[in-house]
Amino acid sequence: MKAGIPVKINCNVLIYQTNTAFLTLHVYLIPRDPGLQEAMDNRNVSYGYKVIRKPHPEKSLKMRDRFILKADVNGAKVSPKDLKLRCESRGPNFFEVYIENPDRNFTLNLTQKNDRQPVWTHEIRKGEYQSMVNMQEIETHQTKQHFSSLQLSNFEQHSMDEHLSPLQAAKVTKDRERLLKMLEHLKLEEFKQFKWFLKDGDILAGLPCIPSSRLENADMLDLVDLMLQTYNQQSVEVTKKVFRTINRNDLVQTLLDTSSESKGNWNCNHFS
């Protein structure tokens, strides 16, 4: 605002499709700033969201005006009811568009609150949003299959555990403690990388990948349990491979040292 006169600026409409079960779009109205757009893209892509790119509004818009977004499809829910156009370099607000079962193309219309004429209108095509929905369905199916196999594996493991010797049972407990202790040495970014590589079939060299949906919110305790359920006695070797991949060879050496100590203790106990 200058001397009470509303300032008009060029704007961008940014659309991101979230990775939720039903179609959910986050729609931002922001000043046209390549740096801000790049930061928004990077942030949303890091969340696993899909960018749906559309042309920007042709006309400049007034700062501090309020705008309304509508979708021409039955059952669409848009919130909040309106948004104020303003400069927010960190965490700008957005419209959330929720459509439970879309089955066609639909149009988004952005209008100034006190004016019925749209300032921006564009079609969201079925092919643009459906590919991500299909991927989610595939991953959900894979997760169910994986969970079923884990249930069977856990049942078989339980049956086996009943026949484990005290030394074998102690080894399983020791592996769990060793893995947890090693993971505690990772920084937050390294921990994220570690989980990411558990989805990489090339790194795992034929071993099963853990589905993204199970890794996403797993903390260190959850992750150790997932690895033991999935890789059993190979969990320590998988951990070493991933540590090498993220350049934490110091932790590989620590695992090797603790492994040698464990074997030495086992031999002493075995022959005592």
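Residues numbered from 1 in each chain as written. Predicted model: local features only at pLDDT ≥ 70, side-chain atom pairs only at ≥ 80, totals over all residues. Heavy atoms only, no water.

(A) Examining the overall build of the protein more closely. Assigned secondary structure in the protein consists of nine helices and eleven strands. Intrachain contacts of the protein at a sequence separation of at least 6 include 61% that bridge at least 24 residues. Accessible surface for the protein amounts to roughly 16700 Å². Of this, 51% is attributable to carbon and sulfur atoms. (Helix = DSSP H or I, 4+ residues; strand = E, 2+ residues; numbered from the N terminus. Contact = heavy atoms within 4.5 Å. Areas by Shrake-Rupley, 256 points an atom, 1.4 Å probe, with all protein chains shown as cover.)

(B) Representation of the pairing of strand β10 (residues 106–112). Of all seven residues in β10, six are buried; the element is thus mostly enclosed. In textbook terms, the turn of a hairpin is the stretch between consecutive antiparallel strands, and for β10 and strand β11 (residues 118–124) this stretch comprises five residues. (Buried < 20%, exposed > 50% of the residue type's maximum accessible area, 1.4 Å probe, protein only. Pairing = 2+ DSSP bridges.)

(C) Representation of the pattern of salt bridges within the structure. Applying the stated criterion across every chain yields a total of eleven salt bridges. Residue Lys54 pairs with Glu128 through a salt bridge whose shortest N-O separation is 3.0 Å. One end of the pair, Lys54, is in the loop between β4 (50–52) and β5 (61–62); the other, Glu128, is in helix α2 (residues 126–161), and 74 residues separate them in sequence. With relative accessibility at 10%, the residue Lys54 sits in the buried group. Sharing partners across several salt bridges, the network here consists of Lys54, Glu123, Arg125 and Glu128. (Salt bridge = Lys/Arg side-chain N within 4 Å of Asp/Glu carboxyl O.)

(D) Main features of helix α4 (residues 188–197). Here α4 has its buried residues at Glu190, Phe191, Phe194, Lys195 and Phe197. End-on view of α4: buried residues confined to an arc of 165°, all on one side of the axis. (Arc of directions from axis to C-beta.)

(E) Spatial organisation of the nonpolar core. In this structure, Phe194, Leu198 and Phe243 are the most contacted members of the largest nonpolar core, which totals 27 residues. Of all the secondary-structure elements, those providing two or more residues to this core are α3 (166–183), α4, α7 (220–231), α8 (235–245) and α9 (249–271). Here Phe243 is in contact with Met182, Leu183, Leu186, Phe194, Arg248, Asn249, Leu251, Val252 and Leu255, once residues within four sequence places are set aside. Listed in part, the 26 residues of the second largest apolar core include Val27, Ile52, Phe95 and Ile124. (Core = buried A, V, L, I, M, F, W, Y, C linked by side-chain atoms within 4.5 Å.)

(F) Structural view of the state of the cysteines. Using the criterion set out here, one finds zero disulfides in the structure. Between Cys87, a cysteine without a disulfide, and Cys11, which holds the nearest cysteine sulfur, the sulfur-to-sulfur distance is 8.7 Å. (Disulfide = S-S within 2.5 Å.)

(G) Highlighting the sheet that holds β4. Spatially, five strands are ordered β4-β2-β3-β9-β7 in an open sheet, and the strand pairing comes out antiparallel. In the strand order of this sheet, the two ends are held by β4 and β7 (77–79), each with one partner. Averaged over neighbouring strand pairs, the angle between their axes works out to 25° when direction is ignored. (Axes fitted to C-alpha atoms, helices over the stretch in contact; angles between N-to-C directions.)

(H) Here's a closer look at the sheet that holds strand β8 (residues 83–84). Spatially, β8-β6-β10-β11 is the arrangement adopted by the four strands of the open sheet, whose pairing is antiparallel. With partners counted over all chains shown, the strands left at the sheet margins are β8 and β11, one partner each. Bridge analysis of strand β6 (residues 66–71) against β8 gives two bridges, and the strand direction is antiparallel. What sits directly across from Arg66, in β8, is Lys84.

(I) Expanded view of the packing of α7 against α8. Viewed as axis vectors pointing N to C, α7 and α8 meet at an angle of 115°, and their least axial separation amounts to 9 Å. Residues Met227, Leu228 and Tyr231 of α7 touch α8, and the partners they reach there are Ser235, Val238 and Thr239. When its residues are assigned to classes, the contact of α7 with α8 shows four nonpolar, two polar and no charged. (Nonpolar A, V, L, I, M, F, W, Y, C, P; charged D, E, K, R; others polar.)

(J) Structural detail: the packing of aromatic side chains. Taken as a whole and judged by the stated rule, the model has seven aromatic pairs. Measuring from centroid to centroid gives 5.5 Å for Phe194 and Phe243, while their planes differ by 55°, and the two rings are tilted. You can see Phe194 sitting in helix α4 and its partner Phe243 sitting in helix α8, a full 49 residues away along the chain. A relative accessible area of 0% places Phe194 in the buried class. Accessibility expressed as a relative area gives 0% for Phe243, which makes it buried. In this structure an aromatic cluster arises from ring pairing among Tyr16, Tyr28 and Phe94. (Phe/Tyr/Trp six-rings, centres within 6.5 Å; stacked < 30°, edge-to-face > 60°.)

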